[in-house]
Amino acid sequence: MVVTRCRKIKIGEPDKPSEDGLDNLQKIGANPIHTAVGSKDDKFLLMFSKYDLLKAKIEAQEQTVKEKKAGNSHKIKEVTLIKDFNIQSLQVIDSDYCYSLSNESSKQGRPGFYIQNLASFINTSAKETSNFRLKAAVVGQNDLLDYYKDDQRIAYISSYDVIRIVPLLHRTVLGFIGMRPRDEYLAFRRFKDKLYALDKLGALTTWSVTTGKVLEQKTSNTALNYSESFANYEIYQNGTKERPDITYKSEWYSERTLLVNKTDNLIDFNQEQFYGVRLNSELGANSSYVSTIEKKFFKFRYIEILESQEVYEHFSFDHPYYGDDKLQRLFFSDNMQYMLERQEQNVILYQKVLPLKTADATAPPHVTWKIVSRIKRVPFDLAECTFVNFLFSPSLLMYLDYNKSQKIFVIKNSLDGSEYRRIPSGLMNPGDGKDITLVGKKFQWLSNNYVRVVNNDGIEKTVDISTPECEQISYCSVPMLDMEYLKKEKYSHYFYDMSITKENQTIERLKRKYQEYFTAYFSSGLRDHGDLYNILFEVDFNVDNCQGKVVADTSFTYFHWKIAELMESIPRFNIKRYHPEEIKVLALNIFPQGKTVLHYAYKNLHIIQRFYRVIESEVKKQKEQAALNDDAESGGVFEIPFMKDFNGKTPLHLCIEGQNLKSADIMINKLCNDPLDSHARAINDLLPSLVEAELPSLGQYFDSRFLQTSLLKDFRRGAVIKEGGLEYRITTSELWPDKNELKKQVFDTSAVDTEVKLEFLDMCGVHCYTEQIGQDFFNALSDSGNLALFGHRSIQAIIDFKWPLAQEYTTKVLFIPFGFYLCIFVAWSNAFNGYLYPFTKDTWYEMWAAEKVLCALLLFFSVYFLTSFWNYVDFFPSCLIIAIVSIKLKVQFFNEGEDPADYIDMYALSSFHSLASFLMWLKLLYFMRIFKETGYLVKIITECIKDMKVFLLIFLTVIVAFNEAFQRLSEASGEEAQFNGLNWAQGYAFTFALAIGDTRADLYDDSIAPAVVWFIFCLVLLIMNVVMLNLLVAIISLSFENINESWEQTMYQERASIIAENSYLIPYYRKKSHCPDKDQYLLTARELLEDEGKDELVEQVQNKINEIEVSLNEFKKEYRETQDEFSSNVQKQLDDIIAAVVKKA
């Protein structure tokens, strides 16, 4: 271990004497220090004795010549003594965490093995230090606490006869126990939860990726499929000390490894057979370059570790080696039929030639290589950014090139150099004056047909280059992505070279793990639990630039996993005791089963609020720092992972299923600030349930999902194409569209330009007719009682996009046929008297034939509408018409010449005909909803009827009361004086007519009690005509006023209902053409108003005021809780003191 002196610190005098009268030197001298550690910002020095903690505040001082010579750059300004920690032993792991063995104390509590955040020791204002007791331990005077850095383990005595060895619980990396230095191994291979490593002695060791423990070790006799030793072999590499070659040391080619024996120069190598004509010069006596260059000839072996715990050698070959100072790299195709060699500026493609059969059939083949192509135009400036052969496809038969004259990227054929495919300029477009290397650093071959690229917004896109248009296969927007290192570091590649190479970069590792998991889930489409666990538990080969030991890299720390479980199990978990830096780390963890901290804490409102408050503070800090650096684009890149777990549930799913609507509303409110595609697809299936739950923040959330990418921000002026009577353009687009195609799709080049704004709506699938989620979402909208939701432009945009197609097919398939249906029914009912006196062939043949045609058409249309009925209003008229027409035909064909009244109940038939006529005309109101002018009025009628339901109940009750009163007087009068009708039904009709203003009173004076009848008559007029009818007018006026104020929302809800009801009418091919790809987003383009910028500024100020108000309310709540807790503790202590005094007395 190397120890370096950083600085000398002088102990100074405090500004004012301390309460105990001791100066700084006396305080330090009075406490024997066993461990001292400086804070991350170098402002504090923490010194631990066996019992107490000394916190020294450090300040830089102006140095005299003498002090400069002595090296005293800082001095201790003030020393604070914090008593009763009882830390017997302390291991400082890094600048953030330490582990300790502690006896029982007032600060630590019970004795045991603790993990602590160093920041909590400095922040003495906190109610509790952020310590966490991991295990019980026998401490006493025991101070055995050892840190084994190579294995990433800590050992301590847990009892008198047990020593426990545990991993570093605050880190995501896990060392493999017993692993030797990296240069002693020849190959590594990971299979599921196991890591295999082959050393130079031929032994194959197996470790568990999840625990780091050794599972098995095989010697060379059992591990190899042949007997030749690996003792003289090493991993092939060709680099410099400044930039060592890590091609076969990283995870890029970890499936197979190329080994070389540099100890044995093959002097009998047949150069003439290998080089051929290249050995001879075309200039006579001169020598060729190949013949003069210094070279050696070595044996190479290409091996692979199999899952059966065997090492398999695919082949061996002899090949020239031109020295460590010459660039020479070797790569193999995925089918191992081709080898690519790069020698400085030369690239040669070889094809494998198998040998003739040998005597030993079990020995691996010793192959030779023949040249099939010398690739002359390779973009070496692109290739130099990484050791990975990223320009060439896995088969080595295609490669990426840049056409400088046309300024486009192309895919070329490796065998003949011909152009295979042009990459669309919208996909990889360096533009004028831009660095093509930076664009090339974001390119990756996934297979021989699929490539993946990423843009500056972090949007990854996988395309199929076998299609002429390079069709999109998948996409995702990588969260919290910062690609500044690609610009700063010359040797870097987005997909292969990670900037994280240290074990203690916990936050950076967690961010990267979240990005990898997000990409695997959405871009690669992984859903199998085993595949996802391979992402959560990875093997990191990149420690110290692939020179350090291989470690397991997890998506969580065991320490934070324990905290998360406590959050779930303890109802009032005290989250305030944990430092904000601790919460930041905790927020980034993805635990087993794909759970995040929000999955554990979704039931606890105060925990959710605390987490988001800390994260918002972090984002604010990052934005302020970015503003100071004039780099607004990189500010605010921190978020809590919001993903589905392995059961397909996000924290929001759990809230809705558990009816924790307050937690759900808080999450929805906080998700408003999340970037594009960060969570939309994760909660996509939950959108209908959110609409049904009617969360207060839902409308605000929907509108917040209008977001821009850098490409959309580039469109600032243009003439927006407006269609369908809309004031803006709405269409669909990929998240990463081609700029030129988007311009054609949105703008009219012949019109006058104005200032415009293009935005994506980050709500997936709900605008697609082909997706079930779209149908469910509109079903929820049509049933929603939250009319204000339809005032949000996000909901309006979705409805505006789907409405034209729904309107078209509702009109074509329902309204027009219904118009014919209604006209035919009216003509048949009036011209032919419905059913009673039919025409015959003899009396009027033409009318008889016309009637039969109309009957046939009525039966056809009735059956047509029965096959697609929506409600009872549609069902009953069709059934009634079928019955009526059938009876009519029966009369004409089977009972000709007879009187229908003899065998048909004319009362019932007439009633059915009447009811059918009424329902047919009533159905016409349904179709009036299609049109903007009439739909509004239909909605007013239906809403007024709904609002009248309570009034009608009271109105009918009063009608019954007055009718009963009239009925008793009427039935007691003579038969000729019965003014209330002859039966019960006529009595109600008389009373209702009187209630609405029919004041006929001819028989009142002839009744048995005229005075009483007139009194009741006056009472009816007063209560019914004056009070009740005016009350009805007031109710209708109020309903009208409410609807009139929200007529636009009402119209949109009507349209949503029609879309929900009639989407089944649209044929699939039209649904597909309307939205060809479910992965496309709604894109809106609108003209900016003159005062819109001012409105946005006012809105920002108002939002800031709201944030301050929320913060103040939370502070008040925390203050009250703290005050109550303090009062409770004081009262408890007073009670204890009084009890003790009473006991002594």
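What you see is a predicted model, and the numbers here were worked out from it, not measured in a lab.

Remarks on helix α26 (residues 906-928)
In a regular helix each residue adds 1.5 Å, so 23 residues correspond to 33 Å; α26 covers 34 Å between its end C-alpha atoms and thus fits that length. Looking only at α26, the buried set comprises M906, L909, H913, A916, L919, M920, K923, Y926 and F927.

A closer look at a nonpolar patch on the surface
On the surface, L915, F918, L922, L925 and M928 cluster together into a nonpolar patch covering about 400 Å² of accessible area. Its place among the elements puts L925 in helix α26. For L925, a relative accessible area of 31% gives the class partly exposed.

A word on the sheet that holds strand β13 (residues 173-175)
Here we have 3 strands laid out as an open sheet, ordered β13-β34-β33, and antiparallel in their pairing. Because the sheet does not close on itself, it has two edges, and the strands there are β13 and β33 (537-540). Ignoring which end each strand starts from, the neighbouring axes of this sheet average 35° apart. Across the sheet, helix α11 (residues 529-536) lies against β33 and β34 (551-554), angled at about 40° from β33, the strand it touches most.

Focus: the confidence of the model for the protein
Mean pLDDT for the protein: 81, with 82% of residues reaching 70 or above. Ignoring residues within four places in sequence, the model shows residues 1-5, a span with pLDDT below 50, making 0 contacts including any to other chains. Under a pLDDT of 50 for its full length, residues 125-129 has, in the predicted model, 8 contacts with residues more than four places off or in other chains.

Details of the packing of helix α28 (residues 949-972) against helix α30 (residues 1010-1045)
In contact at an axis separation of 11 Å, α28 and α30 are set at 170° when each is read in the N-to-C sense. Judged on the interaxial angle alone, α30 and α28 are roughly antiparallel. Residues F951, I954, F955, V958, I959, F962, A965, F966 and L969 of α28 form the contact with α30, whose participating residues are V1012, V1013, I1016, F1017, L1019, V1020, I1023, M1024, M1028, L1031, L1032 and I1035. Class assignment of the residues belonging to the contact of α28 with α30 gives a composition of 21 nonpolar, no polar and no charged.

Notes on the pairing of strand β12 (residues 162-167)
The side chains of a regular strand alternate, residue by residue, between the two faces of the sheet. Direction of pairing for strand β11 (residues 153-159) relative to β12: antiparallel, over a ladder of 6 bridges. From the neighbouring strand, I157 faces β12, where its bridge partner is I163. The hairpin formed by β11 and β12 contains 2 residues between the paired strands.

A few points about unusual backbone geometry
Note: most peptide bonds trans; most residues except glycine with negative phi. Even without glycine at this site, L396 takes up a positive phi of about 70°. Mapping L396 onto the fold places it in the loop between α7 (380-383) and β26 (398-403). By relative accessible area, which is 1% here, L396 ends up buried. A positive phi is found at D677, a non-glycine position, where the angle reads about 65°. Among the secondary structure elements, D677 is positioned in the loop between α17 (661-671) and α18 (687-693). Judged by relative accessible area, D677 falls into the buried class, the value being 2%.

Here we look at the packing of aromatic side chains
By the definition in use, this model includes 59 aromatic pairs. Each ring, one from F815 and one from F927, has its centre 5.5 Å from the other, and the planes form 40°; the classification is tilted. A residue pair is termed long-range when its members are at least 10 positions apart, and F815 in helix α23 (residues 793-831) and F927 in helix α26 qualify at 112 residues. Note on F927: relative accessible area 1%, which makes it buried. Taken together, the ring pairs connect Y236, F298, F300, Y302, F315, F317, Y321, F332 and W369 into an aromatic cluster. Lying over the aromatic face of Y233, R301 brings its terminal NZ or CZ to 4.7 Å of the ring centre.

What counts and what doesn't
- Residues numbered from 1 in each chain as written.
- Predicted model: local features only at pLDDT ≥ 70, side-chain atom pairs only at ≥ 80, totals over all residues.
- Heavy atoms only, no water.
- Helix = DSSP H or I, 4+ residues; strand = E, 2+ residues; numbered from the N terminus.
- Expected span 1.5 Å × (residues − 1).
- Buried < 20%, exposed > 50% of the residue type's maximum accessible area, 1.4 Å probe, protein only.
- Patch = residues over 30% accessible without salt bridge, like charges linked within 9 Å, V, L, I, M, F, W, Y side chains within 5 Å.
- Areas by Shrake-Rupley, 256 points an atom, 1.4 Å probe, with all protein chains shown as cover.
- Salt bridge = Lys/Arg side-chain N within 4 Å of Asp/Glu carboxyl O.
- Pairing = 2+ DSSP bridges.
- Axes fitted to C-alpha atoms, helices over the stretch in contact; angles between N-to-C directions.
- Contact = heavy atoms within 4.5 Å.
- pLDDT = per-residue confidence, 0-100.
- Parallel < 35°, antiparallel > 145°, perpendicular 65-115°, else oblique.
- Nonpolar A, V, L, I, M, F, W, Y, C, P; charged D, E, K, R; others polar.
- Phe/Tyr/Trp six-rings, centres within 6.5 Å; stacked < 30°, edge-to-face > 60°.
- Lys NZ or Arg CZ within 6 Å of the ring centre and 35° of its normal.

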